[in-house]
Amino acid sequence: MNMTFIISLLEGLWGTVVLSVLTFIFGGLAGFLIALARISPVAALSKGTAVYIEIMQGLPLLVLMGLCFYGPGIFGYDSLTPLQAATFALTLYSSAYLGEIWRGCLQSVARPQWEAAECLGLSRWQRMKTVILPQALRIATPPTVGFMVQIVKNTSVASLVVGYAELSYNAKIINNSTFQPFLYFGIAALMYFAICYPLSVQSRALERKLNVANR
Amino acid sequence: MSPIVELKDVRKSFGALEILKGVTFGVNKGEVAAIIGQSGSGKSTALRCMDRLETIQGGSMVICGHRLQDSNIDLKALRRDVGIVFQSYNLFPHLTVAENVMLAPRLVKGIARAEARTIAEAVIAKVGLREKMDFYPEQLSGGQQQRVAIARSLAMEPKLMLFDEVTSALDPQLTGEVLRVMEQLAADGMTMILVTHEMGFARKVADKVIYMKDGKVHEMGSSDILRSPSTPELADFISEAAEH
Ligand SMILES: Nc1ncnc2c1ncn2[C@@H]1O[C@H](COP(=O)(O)OP(=O)(O)OP(=O)(O)O)[C@@H](O)[C@H]1O
Ligand SMILES: [Mg+2]
């Protein structure tokens, strides 16, 4: 084992974390807006976002990455950096999935809850904020964390197309010069696990907490 | 006495199916009206139209001065004036009893938290649940939950209360405690319209009984019509109800 290689893997790990966090933030924000648009009474909004979701879910992430990386250049814009392109593609991708997951959670809060709040005179946004969202949050926690774990793993696609240096990419580069695949891919695997496992544990803890608070 | 509710030839369809086929009646301020009738006769639909949960397709409906057939109706103002309680309580499960009751005064009327709490204490005491203020809905019996639902509406100081079979999901001894609350409300002068299967209760508190059949008012009058109905259909309905 060589210290330089370990440092290179740690740098890759950092790349994975940065890309994952950016994806959670932008994908989460966009996904939230998409979930709201999907259940909007304005037909153009709900239909439009439904089409968006269909398209995003129908494209392989790899292809989406390619389009985001090479696309702007074709149209004469400055091309994006690998991180920008990867964040952009993962945001599009995760916003569609999160939007759909959260739409389901919002709609699974029973219709009479909406009506009860409506009859009390609460505006649409007040109903959403004080009655629906708190109840949907509890339902949404497990699938959301499950999807976050998927995203952490899917960041590895970024190296294939846009050449973004993340954990699995660096592991591959090291393997090319050391020919010790089991060692370095094994360490990479442990590092992925070290991110994903705490996420799942946190999710279960959060779920328990919400279950107590939101009886 | 001024009419607070006025329905004239109200029509309502779901798709091609006409459910309300010209319903006409009025309720004066301070009156208690009981709507009775077979399942599917349109009682709930009529009540839901009064709070604009459903829109009507024909006729006119004026509730506390709000003209419901108008497309530019001020829904917020309507819902300040009208409280509605359903068979399935529909309390907010993630909020305590007090928070359930305080929510609308705070958000809709903009009342400060401390003052809203005082209002909540008063209405919750009125339904006899002072000691349950900080419980969650699931910690209460069905009858207690329904009383909280009534308190939640009362906190907005409505001019009209609508009740849709609020005791139908409760077993007999819990039914009594909810009916007593409603009786007290009636005695306090609240204008109320209740859809009910409790003939005894209708006889006792209703100033007006409205018998609906097939989307129309078939017979209407004082609660005396429950003792001496003038149409054979209402007579049949009463004797059927008595068997249950
Ligand atoms: N949203 C809706 N869409 C389609 N049909 C509906 C809808 N709501 C009610 N109906 C129909 O309207 C008719 C009258 O229903 P409504 O609930 O008003 O009857 P009801 O008199 O309250 O009956 P019950 O005593 O069983 O509560 C029923 O045939 C019902 O199936
Ligand atoms: Mg009904």
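Residues numbered from 1 in each chain as written. Chains lettered and ligands numbered in written order. Predicted model: local features only at pLDDT ≥ 70, side-chain atom pairs only at ≥ 80, totals over all residues. Heavy atoms only, no water.

Draft legend 1. View of the sheet that holds strand β6 (residues 82-85) of chain B. Residues and elements named next belong to chain B. The mixed open sheet is built from six strands, whose spatial order is β6-β7-β8-β3-β9-β10. The two strands at the open ends of the sheet, each matched to only one other strand, are β6 and β10 (216-221). Here the strands of the sheet are splayed against their neighbours by 20° on average, with no regard to which way each runs. Relative to strand β7 (residues 160-164), β6 runs parallel, the two being bridged by four bridges. Across the sheet, residue Val 85 finds its bridge partner in β7, namely Phe 163. On the sheet, helix α5 (residues 142-154) packs against β6 and β7 and is oriented at approximately 170° with respect to β6. Along the sheet, helix α6 (residues 172-187) contacts β3 (32-37), β7 and β8 (191-195); its crossing angle with β8, the most-contacted strand, is approximately 145°. (Pairing = 2+ DSSP bridges. Helix = DSSP H or I, 4+ residues; strand = E, 2+ residues; numbered from the N terminus. Axes fitted to C-alpha atoms, helices over the stretch in contact; angles between N-to-C directions. Contact = heavy atoms within 4.5 Å.)

Draft legend 2. Here's a closer look at the interface of chain B and chain A. With 22 residues of chain B at the interface, the matching set in chain A holds 18 residues. Overall, the association of chain B and chain A removes approximately 1,900 Å² of surface from exposure, summing both partners, and the carbon and sulfur fraction of that is 61%. Counting the contacts that link chain B with chain A gives two salt bridges. Of the charged contacts, one joins Arg79(B) and Glu118(A) as a salt bridge, the two residues approaching to 3.2 Å between their closest N and O atoms. For the pair chain B and chain A, the interface holds six residue pairs in polar contact (both at pLDDT 80 or more). Secondary-structure elements contributing two or more residues to the side of chain B that touches chain A are α2 (75-81), β6 and α3 (97-109) of chain B. Among the elements that make up the side of chain B that touches chain A, the one with the highest residue count is α3(B) (four residues). Partitioning the side of chain B that touches chain A into residue classes produces 13 nonpolar, three polar and six charged. (Buried area = accessible area lost by both parts, 1.4 Å probe. Salt bridge = Lys/Arg side-chain N within 4 Å of Asp/Glu carboxyl O. Polar contact = N/O pair within 3.5 Å; in protein donor to acceptor, adjacent residues only side chain to side chain. Nonpolar A, V, L, I, M, F, W, Y, C, P; charged D, E, K, R; others polar.)

By themselves, these are just geometric observations and shouldn't be taken as functional.
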